[in-house]
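What the coordinates show
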Amino acid sequence: MSIDFPVHGLMVPEPHVLPFAIGSFDTIGELSRAGFPHRHTFYEIVHVTGGRGTHVVDLAHWPLDPPHLCVIAPGQVHYWDEVDGLTGQVLLFNEDFLLSHPEDVAALRTLAARPWLRLTGGDRELPALMYELEREYRALADGYAGVLRSYLHILIVRALRASAPGAGPVAPGRTDELVASFRRLIAEPGRSVADCARQLGVSTGHLHALVKQATGRTPGRLIRQQQTMTAKLLLARTDLTVRQIAKECGFGDPAYFCRFFRRETGMTPGEFRGSAGGNHHDPRLESIAARPEGP
């Protein structure tokens, strides 16, 4: 029997409009210490500086041993079990915030396979980057969105360097080759679930079950998210026409692509392109309260 865990979305407080937030466990809110299994639609990087208890990620229990850094990717099931005195920083952001560095998505998935990175005296740069991110976020100075994206990219790259083999325990089951192969396939435009299943040599039902269990999302939903992310990247960083972008994303009909993009983002391609140079965000801003995720 499959379990439908609560799914938390990302909401940021005014005056911030970015799909990004950072603060202490207290300022982010009580759900940052949630003691019940749940999934996110966003990424979470946690810098734990103190506390006792256990962090449970995808059913693997990891006793706290601060200081350490951990990444929770969208779809992973996690919660804090019998924690006491949990302190540190919590960084939340969604994939829209990675448009300037789309390669960071793969790096974050690699980091999420290692429930935490044990910080030693030689890893002072990672906590320093977290504190710089929080300082910039609170200051709201001119150009802060670009500075935050740059700091986040540096944090991800340096955390990946520090997480080389031997740096810490690796979570079991997070390197499922079939799911990883599916993710590689859907990076190519025009892929369908049935097409991927045939190429992977499994039934569509089996692929659906494995992907849903590993990510909390259906294969069809992941394909739509990949198409949306590709479209956003091309709209924000190229001068391609909507017709050309539709083709690059696997759509033969530009009108259907426009309807798809509006359904997924709440904006037309033109509206998104017009806002991409500033502090754009998804106008369907989701609450961090539990809500069901669509198939």
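Just above sits the structure.
Reference entry: report on the structure contained in this document. Small disclaimer: the values here were computed from a predicted structure and weren't measured. (Residues numbered from 1 in each chain as written. Predicted model: local features only at pLDDT ≥ 70, side-chain atom pairs only at ≥ 80, totals over all residues. Heavy atoms only, no water.)

A few words on the packing of helix 2 (residues 104–112) against helix 4 (residues 144–162). Here helix 2 crosses helix 4 at 45 degrees, and the two axes come no closer than 10 Å. Our classification of the angle between helix 2 and helix 4 gives oblique. As for the relative orientation of helix 2 and helix 4, their crossing is left-handed in sense. Of the residues in helix 4, those in contact with Asp104, Ala107, Leu108, Thr110 and Leu111 of helix 2 are His153, Ile156, Ala159 and Leu160. A breakdown of the residues in the contact of helix 2 with helix 4 according to their chemical character gives six nonpolar, two polar and one charged. (Axes fitted to C-alpha atoms, helices over the stretch in contact; angles between N-to-C directions. Helix = DSSP H or I, 4+ residues; strand = E, 2+ residues; numbered from the N terminus. Parallel < 35°, antiparallel > 145°, perpendicular 65-115°, else oblique. Left-handed = near helix turned anticlockwise from the far one by under 90°. Contact = heavy atoms within 4.5 Å. Nonpolar A, V, L, I, M, F, W, Y, C, P; charged D, E, K, R; others polar.)

Here we come to helix 10 (residues 254–265). With 12 residues, helix 10 should cover 16 Å at 1.5 Å per step; its first-to-last C-alpha distance of 16 Å lies within 8% of that length. Those residues of helix 10 not exposed but buried are Pro254, Phe257, Phe260, Phe261, Glu264 and Thr265. Down the axis, helix 10 shows its buried residues gathered within 115 degrees of arc, on one side only. Of the surrounding secondary structure, the elements contacted by the buried residues of helix 10 are helix 8 (219–237), helix 9 (242–248) and helix 11 (269–275). Phi turns positive one or two residues past the end of helix 10, at glycine 266, with a value near 80 degrees. (Expected span 1.5 Å × (residues − 1). Buried < 20%, exposed > 50% of the residue type's maximum accessible area, 1.4 Å probe, protein only. Arc of directions from axis to C-beta.)

A word on the side chain of glutamine 76. Inspection of the secondary structure assignment puts glutamine 76 in the loop between strand 6 (68–72) and strand 7 (78–93). Overall, the relative accessible area of 0% leaves glutamine 76 in the buried class. In this structure the side chain of glutamine 76 is engaged in a polar contact, spanning 2.8 Å, whose partner is the backbone nitrogen of alanine 73. (Polar contact = N/O pair within 3.5 Å; in protein donor to acceptor, adjacent residues only side chain to side chain.)

Excluding glycine, most residues fall at negative phi; most peptide bonds, likewise, are trans. Looking along the chain, the bond that leaves proline 66 and enters proline 67 is cis, with omega of 0 degrees. Structurally, the position occupied by proline 67 is in the loop between strand 5 (60–63) and strand 6. Positive phi outside glycine occurs at glutamate 82, with the angle close to 50 degrees. By relative accessible area, glutamate 82 is classed as exposed at 72%. Here leucine 140, not a glycine, exhibits a phi torsion of approximately 55 degrees, which is positive.

The next thing to look at is the pairing of strand 6. Of all five residues making up strand 6, five are buried, and the element is well covered by its neighbours. Covered by surrounding structure in strand 6 are His68, Cys70 and Ile72 together with Leu69 and Val71, the residues of both alternating faces. The pairing of strand 4 (residues 43–57) with strand 6 spans five bridges and is classified as antiparallel. Bridge pairing in strand 6 places valine 46 opposite cysteine 70. (Pairing = 2+ DSSP bridges.)

Moving on, we get to the packing of helix 3 (residues 125–139) against helix 4. Packing of helix 3 against helix 4 leaves a shortest axis separation of 10 Å and a crossing angle of 165 degrees. By the criterion of interaxial angle, the relationship of helix 3 to helix 4 is roughly antiparallel. Crossing angle aside, the handedness with which helix 3 passes helix 4 is left-handed. Along the contact surface, helix 3 presents Glu125, Leu126, Leu129, Met130, Glu132, Leu133, Glu136 and Tyr137, while helix 4 presents Tyr144, Val147, Leu148, Tyr151, Leu152, Ile154, Leu155, Arg158, Ala159 and Ala162. Taken together, the residues that form the contact of helix 3 with helix 4 break down as 14 nonpolar, no polar and four charged.

On to the nonpolar core, then. Among the nonpolar cores identified, the biggest contains 32 residues, and Phe20, Ile45, Leu91, Phe93, Leu152 and Leu155 are the most heavily contacted of them. Residue assignment for this core shows that the elements contributing at least two residues are strand 2 (20–24), strand 4, strand 6, strand 7, helix 2, helix 3 and helix 4. Apart from residues lying up to four places away in sequence, phenylalanine 93 is in contact with Leu10, Pro19, Phe20, Phe42, Tyr43, Ile45, Leu98, Leu108 and Leu152. Residues Leu10, Phe42, Ile72 and Trp116 belong to the second largest nonpolar core, which totals 15 residues. (Core = buried A, V, L, I, M, F, W, Y, C linked by side-chain atoms within 4.5 Å.)

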